[in-house]
Amino acid sequence: MFVEASAECTLDQAMPFKPSSALLSLHPSLKGVEELVQVQLTRFTCGSLVVGFTAHHLVADGNATSNFLVAWGQACRGLEMIKPCPLHDRSFMFAPRDPPLFEFEHNGVEFSTKKLMMNKTTYPHDEFTDDIIVHKVHFTKEFLTKLKTSASSLCRNQRPYSTFESLVAHLWRAITRARGLNSFETTQVRISVNGRGRLSPRVPNEYFGNLVLWAFPTARVKDLLNEPLPFAAKTIHDAIAKLT
């Protein structure tokens, strides 16, 4: 669905300084939608143009969507060579085994067996984000370097943990402490991982689809808070490594 809209104001008058549900007006409505992709162009009196893009996440993950938007921009500029050119071929990557072999129980893990019922009185469209608090934090390069060094202090004969693993480990411990959970409870983090380079055979980075794999680092609250930072970092690293 392609929608063209106009606003009787300048962009700086309409654009909020902080994340706000007001930004939803720059995207097509989600009510009664059948299209898998929706695009809304909103023109402002100052000449600015905002492109609102909404797509079904089952069709494309963040990596595929980013590649698509880059290719779209290149096509609009009239470039003959679009790179990366989105790859749609599934046949050589996901051929079923013959005979089929079912090794894992997927129902209830990757797929929900219950349908989520939403009614307009309980979940009005303009209140989706009213109970979400967005808090932006800026981590300096020096802080991240120090954090990564601390998280990797026990890594003797292996590569240090990544900045992502170190930061998530720090946030996981801080949020768990703030929640005031019982020390014997179990806490878990859900981490989305790009599976393109983790499958065998490897899937090209330009593959267009959803190849998000989920890692679920899990630990007891007591262990997570009492053990030093490397414990949380290792738990996260091991959970992600299992996806290879």
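Cut-off values and rules
Residues numbered from 1 in each chain as written. Predicted model: local features only at pLDDT ≥ 70, side-chain atom pairs only at ≥ 80, totals over all residues. Heavy atoms only, no water. UniProt positions renumbered as here; feature names shortened; annotations may be inferred. Salt bridge = Lys/Arg side-chain N within 4 Å of Asp/Glu carboxyl O. Helix = DSSP H or I, 4+ residues; strand = E, 2+ residues; numbered from the N terminus. Buried < 20%, exposed > 50% of the residue type's maximum accessible area, 1.4 Å probe, protein only. Expected span 1.5 Å × (residues − 1). Contact = heavy atoms within 4.5 Å. Axes fitted to C-alpha atoms, helices over the stretch in contact; angles between N-to-C directions. Parallel < 35°, antiparallel > 145°, perpendicular 65-115°, else oblique. Nonpolar A, V, L, I, M, F, W, Y, C, P; charged D, E, K, R; others polar. Phe/Tyr/Trp six-rings, centres within 6.5 Å; stacked < 30°, edge-to-face > 60°.

- Per an unreviewed UniProt entry, the chain goes by the name Transferase and belongs to Macleaya cordata.
- Database annotation for the chain, UniProt heading Sequence similarities (unreviewed entry): "Belongs to the plant acyltransferase family."

## What about the pattern of salt bridges?
In step 1: In total, this model carries 4 salt bridges according to the counting rule given.
In step 2: Across the salt bridge formed by Glu 4 and Arg 43, the nearest N and O atoms sit 3.0 Å from each other. Here the residue Glu 4 occupies a position in strand 1 (residues 2-6), and Arg 43 occupies one in strand 2 (residues 37-43), the gap between them amounting to 39 residues.
In step 3: With a relative accessible area of 54%, Glu 4 lands in the exposed category.
In step 4: Look at Arg 43 and you get partly exposed, because its relative accessible area is 41%.

## A word on helix 6 (residues 229-241)
In step 1: End to end, helix 6 covers 18 Å across 13 residues, agreeing with the expected 18 Å (1.5 Å per residue, within 8%).
In step 2: For helix 6, every residue scored as buried is listed here: Leu 229, Pro 230, Ala 232, Ala 233, Thr 235, Ile 236, Ala 239 and Ile 240.
In step 3: Contacts made by the buried residues of helix 6 are with helix 3 (141-151), helix 4 (163-179), strand 5 (191-194), strand 6 (212-215), strand 7 (218-220) and helix 5 (221-226).

## Some remarks on the packing of helix 3 against helix 6
In step 1: Here helix 3 crosses helix 6 at 85°, and the two axes come no closer than 8 Å. Comparing the axis directions of helix 3 and helix 6 gives the class roughly perpendicular. Residues Leu 147, Ser 150 and Ala 151 of helix 3 pack against Leu 229, Pro 230 and Ala 233 of helix 6.
In step 2: Tallied by class, the residues present in the contact of helix 3 with helix 6 amount to 5 nonpolar, 1 polar and no charged.

## Topic: the packing of aromatic side chains
Two descriptors summarise a pair of aromatic rings, namely the distance from one centre to the other and the angle between the planes of the rings.
In step 1: Counted under the stated rule, the structure contains 4 aromatic pairs.
In step 2: Ring geometry for Phe 53 against Phe 68: centres 5.8 Å apart, planes inclined by 40°, an arrangement best described as tilted. With a gap of 15 residues between them, Phe 53 in strand 3 (residues 49-55) and Phe 68 in helix 2 (residues 62-76) connect regions that are remote in the sequence.
In step 3: For Phe 53, a relative accessible area of 19% corresponds to the buried category.
In step 4: With relative accessibility at 29%, the residue Phe 68 sits in the partly exposed group.
In step 5: Counting every residue linked through ring pairs, the aromatic cluster contains Phe 53, Phe 68, Trp 72 and Phe 208.

## As for unusual backbone geometry
In step 1: Between Ser 200 and the following residue, Pro 201, the backbone shows a cis peptide bond with an omega angle of 5°.
In step 2: Looking at where Pro 201 falls in the secondary structure, it is placed in the loop between strand 5 and strand 6.

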